[in-house]
Amino acid sequence: MTQDEMKKAAALKALEFVQEDTIVGVGTGSTVNHFIDALATMKHKIEGAVSSSEESTKRLRALGIEVFDLNSVSEIDVYVDGADEITEHMAMIKGGGAALTREKIVAAVAKTFVCICDESKQVPVLGKFPLPVEVIPMARSYVARELVKLGGDPEYRLGVVTDNGNVILDVHNLDIIDPTALEAKINAIVGVVTNGLFAHRGADILVLGTKNGAKVVK
Ligand code: 5RP
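Residues numbered from 1 in each chain as written. Predicted model: local features only at pLDDT ≥ 70, side-chain atom pairs only at ≥ 80, totals over all residues. Heavy atoms only, no water.

Engineer: How should I be thinking about the layout of surface pockets in this particular structure?
Structural biologist: When its volume is computed, the largest pocket comes out at roughly 230 Å³. Val50, Ser51, Phe68, Leu70 and Arg102 are the residues nearest the centre of the largest pocket, which is lined by 14 residues in total. Elements represented by at least two residues in the lining of the largest pocket include exactly β2 (48-51), α3 (54-62), β3 (67-68) and α4 (100-109). Split into classes, the residues belonging to the lining of the largest pocket amount to six nonpolar, four polar and four charged. One number sums up the size of the second largest pocket: a volume of about 200 Å³. Contributing to the lining of the second largest pocket are 18 residues, with Thr28, Gly29, Ser30, Ala83 and Asp84 lying nearest its centre. Of the residues forming the lining of the second largest pocket, the biggest block, three residues, is contributed by helix α2 (residues 30-39). Grouping the amino acids of the lining of the second largest pocket by side-chain chemistry returns four nonpolar, eight polar and six charged. (1 Å grid on protein atoms, 1.4 Å probe; cavity = no way out; pocket = protein on both sides within 12 Å on 5 of 7 lines; lining within 4 Å. Points joined across faces, edges and corners; volume = space filled by probe spheres on them. Helix = DSSP H or I, 4+ residues; strand = E, 2+ residues; numbered from the N terminus. Nonpolar A, V, L, I, M, F, W, Y, C, P; charged D, E, K, R; others polar.)

Engineer: Whenever I open this one, the packing of aromatic side chains confuses me. Can you help?
Structural biologist: Two numbers describe a pair of aromatic rings. These are the distance of the centres and the angle of the planes. For the coordinates displayed, the defined rule picks out one aromatic pair. With a centroid separation of 5.1 Å and 85° between ring planes, the pair formed by Tyr79 and Phe113 is classed as edge-to-face. One end of the pair, Tyr79, is in strand β4 (residues 76-81); the other, Phe113, is in strand β7 (residues 110-118), with 34 residues separating them in the sequence. Geometry around Phe198 places Lys94 over its ring, the cationic atom sitting 5.5 Å from the centre. We note Arg140 situated over the ring of Tyr156; from NZ or CZ to the ring centre the distance is 4.1 Å. (Phe/Tyr/Trp six-rings, centres within 6.5 Å; stacked < 30°, edge-to-face > 60°. Lys NZ or Arg CZ within 6 Å of the ring centre and 35° of its normal.)

Engineer: How should I be thinking about a nonpolar patch on the surface in this particular structure?
Structural biologist: Together, Ile136, Met138 and Val193 make up a nonpolar patch on the protein surface, roughly 310 Å² of accessible area in all. Locating Val193 in the fold gives a position in strand β11 (residues 192-195). In this structure Val193 comes out as partly exposed when scored by relative accessible area, which is 34%. (Patch = residues over 30% accessible without salt bridge, like charges linked within 9 Å, V, L, I, M, F, W, Y side chains within 5 Å. Areas by Shrake-Rupley, 256 points an atom, 1.4 Å probe, with all protein chains shown as cover. Salt bridge = Lys/Arg side-chain N within 4 Å of Asp/Glu carboxyl O. Buried < 20%, exposed > 50% of the residue type's maximum accessible area, 1.4 Å probe, protein only.)

Written as C-alpha cells, this is what we have:
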C-alpha cells in the first residue's frame, strides 16, 4: 500500500464512528479529504458537518453535505481529523495545513476525537515535525524571540495566511518531553493564537492506516 492508500483506508474505517442523525466535526488535510469523500456516501443519514477550515467547507459543500456554523451547534458527537505526529499517549502535533486553531476549537467541543492517519505519523516522541504556531501578524518577531528562549528555531511559513488572517511560525528542534506543559507555555506567549500541540485535549481513538489495512487503536 502507498501512503495515500493507507490514509484512505483509515478514512474509510473512521466512518464506523459516525452516528446517524448527528452533526460530524470534520478536520483538514489530505487524509480528511478521503474522509469527506467517504462521508458523502452516507450524507442522507447525517444532519451535516461542522468544518475546521475553508478548504474542508468547500469540499463538503461541493459533495452536498450541509456545513453548520459552530455557534449554532450545541453538540458534536465525533470529530475526525488527521495529524502530523501522534504518540502512544494520543498527544499530537497538528497544523501542517495551517488549520490548527479551528481544529482545536472543534476538537474542544466534540465528545470523541477520532484521529485518522497512516502509520508514518506514529512517533515515540513529538517534535521531529516542526511545531506550527499561529501568531497575530504584528507579534511575529516578538513571538519568534520568545520561542527561541524555549529552545526552538522558529521559521516563518512564507506566503501562508490562515483562515483567521494570521501567520504561522514552524518551530524546529523543540525538545517535547512534556507536550501538555509545552502546549500551555507556548499558548501563554502574548500574540500566540494557538499552537499545534494537541496534548491537553488529545485524540480518544486512533484509526491507523497500515500496510495490512486500517486498525483501530484506543
Ligand atoms: C492540518 C492538519 C492535518 O491534520 C495534518 O497536517 C495532517 O495532514 P495530512 O492528512 O495531509 O497528512 O493538522 O492543519
